[in-house]
Amino acid sequence: MSVSTAADGPPVSDECMLARQPGYTDLHRACTQTQDVPLPHARGVLLVCRCGCSCHDRRR
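The following refers to the structure shown. Residue positions are counted from 1 within each chain, in the order its sequence is given. pLDDT decides what is reported in this predicted model: residues at 70 or higher carry local features, side-chain atom pairs at 80 or more are listed and counted, and totals for whole chains, interfaces and linings draw on all residues regardless. Heavy atoms throughout the structure, all of them, feed into the side-chain values; hydrogens and water do not.

1. Section: unusual backbone geometry
Rules: Runs of E in the DSSP output that reach at least two residues are strands. Runs of H or I that reach at least four are helices, and both are numbered from the N terminus.
Unlike most non-glycine residues, His41 shows phi in positive territory, near 65°. Assignment of secondary structure puts His41 in the loop between strand E1 (37-38) and strand E2 (46-48).

2. So, the pattern of salt bridges
To be explicit about the condition: For salt bridges, the criterion is a side-chain nitrogen of Lys or Arg within 4 Å of an Asp or Glu carboxyl oxygen.
All told, the structure shown has 1 salt bridge when counted by the stated rule. Between Asp26 and Arg29 there is a salt bridge, and its shortest N-O distance comes to 3.6 Å.

3. A word on the nonpolar core
Note the following rule: Working definition of a nonpolar core: buried Ala, Val, Leu, Ile, Met, Phe, Trp, Tyr and Cys residues. They are joined through side-chain atoms within 4.5 Å. Three exposure classes are used, based on accessible area relative to the maximum for each residue type with a 1.4 Å probe and protein chains only: buried under 20%, partly exposed in between, and exposed over 50%. By definition in these notes, contact holds between two residues if any of their heavy atoms fall within 4.5 Å.
Val12, Cys16, Cys31, Cys51, Cys53 and Cys55 together form the largest nonpolar core, which totals 6 residues. Not counting residues within four places of it along the chain, the set of residues in contact with Cys51 comprises Pro10, Pro11, Val12, Ser13, Cys16, Cys31, Gln33 and His56.

Written out as structure tokens, the structure is:
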């Protein structure tokens, strides 16, 4: 998974990173990181960050 800072927004999932390559655009649909998943019993700690790819903006 790519590393980003808070100013860059959430990191992009591996599926969406590969989907940016020609011939792999269908992989955007395979991305399951559409929501933040909090760590159970922890406040403000995320187990999985949502994908920061712009393709997910259309789904909301």
